Amino acid sequence: MGDPAGIGPEVTLKALSSPAVRRRVSPLLIGDVEVFRDAARRLGTALRFSPVDQRAVGAIPVRVI
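The paragraphs below set out a description of the structure included in this document. (Residues numbered from 1 in each chain as written. Predicted model: local features only at pLDDT ≥ 70, side-chain atom pairs only at ≥ 80, totals over all residues. Heavy atoms only, no water.)

## Describing the packing of helix α1 (residues 8-16) against helix α3 (residues 33-43)
Filter applied, for reference: Orientation is described by axes fitted as lines to C-alpha atoms, over the contacting stretch for helices, and by angles from 0 to 180 degrees between their N-to-C directions. Put simply, DSSP marks the helices as runs of H or I at least four residues long and the strands as runs of E at least two long, and each gets a number from the N terminus on. The labels follow the angle: roughly parallel below 35 degrees, roughly antiparallel above 145, roughly perpendicular from 65 to 115, and oblique for the rest. Crossing chirality is assigned from the near helix's rotation relative to the far helix, an anticlockwise turn below a right angle marking it left-handed and a clockwise turn marking it right-handed. Two residues form a contact once any of their heavy atoms are found within 4.5 Å. Basically, the charged four are Asp, Glu, Lys and Arg, the nonpolar ten are Ala, Val, Leu, Ile, Met, Phe, Trp, Tyr, Cys and Pro, and anything else, Gly included, counts as polar.
Where α1 contacts α3, the axes come no closer than 9 Å and their chain directions differ by 65 degrees. Compared by their axis directions, α1 and α3 come out roughly perpendicular. Seen from above, α1 lies across α3 with right-handed handedness. Contacts between α1 and α3 involve P9, E10, L13 and K14 on the former and, on the latter, V35, F36, A39, A40, R42 and L43. Of the residues belonging to the contact of α1 with α3, the class tally is seven nonpolar, no polar and three charged.

And the structure:
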């Protein structure tokens, strides 16, 4: 994720919004779930996230640090 206030979350989510990328990877994000949720809202993406230990179907897992 890098700096939560930086461009890392947005760049990551833009990449994961691509169907071609999602077909090739099984993402595991590391950072703050709420930072990713906020970035997704700002970008207008339908991506969903959940902590690894609360994995939800269809959600991208996030290892909370």
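That shown, we press on.
## A word on the environment of L28
Tracing the chain through its elements places L28 in the loop between α2 (19-24) and β1 (29-31). Taking the C-alpha atoms as reference points, L28 and E10, 18 residues apart in sequence, are found 15 Å from one another. Filtering out sequence-adjacent residues up to four positions away, L28 remains in contact with V52, P61, V62 and R63.

## Focus on α3
To keep things clear, this is the line we draw: Buried means the residue's accessible area, taken with a 1.4 Å probe over protein chains only, is under 20% of the maximum for its type, while exposed means over 50%, and partly exposed covers the values in between. This arc describes the spread of directions from the helix axis toward the C-beta atoms.
For α3, the set of buried residues is V33, V35, F36, A39 and A40. Across the axial projection of α3, the buried residues extend over an arc of 165 degrees, all falling on one side. Across from the buried face of α3, at angles greater than 90 degrees, the exposed residues are R41 and R42. With its phi angle positive at about 75 degrees, G44 sits one or two positions after the end of α3.

## Observations regarding α1
Every buried residue belonging to α1 is among P9, L13 and L16, and all of these are buried. The buried residues of α1 occupy one face: seen down the axis, they fall within an arc of 60 degrees. Each element contacted by the buried residues of α1 is listed here: α2, β1, α3, β2 (49-51) and β3 (60-64).

## Re the nonpolar core
Keep this limit in mind: We call a set of buried residues a nonpolar core when its members are Ala, Val, Leu, Ile, Met, Phe, Trp, Tyr or Cys and they connect through side-chain atoms within 4.5 Å of each other.
Ranked by size, the top nonpolar core spans 11 residues in total: L13, L16, L29, V33, F36, A39, A40, L47, F49, I60 and V62. For this core, the elements supplying multiple residues, two or more each, are α1, α3 and β3. Excluding its chain neighbours within four sequence positions, the residues that come into contact with V62 are L28, L29, G31, V33, F36, F49, S50, P51 and V52.

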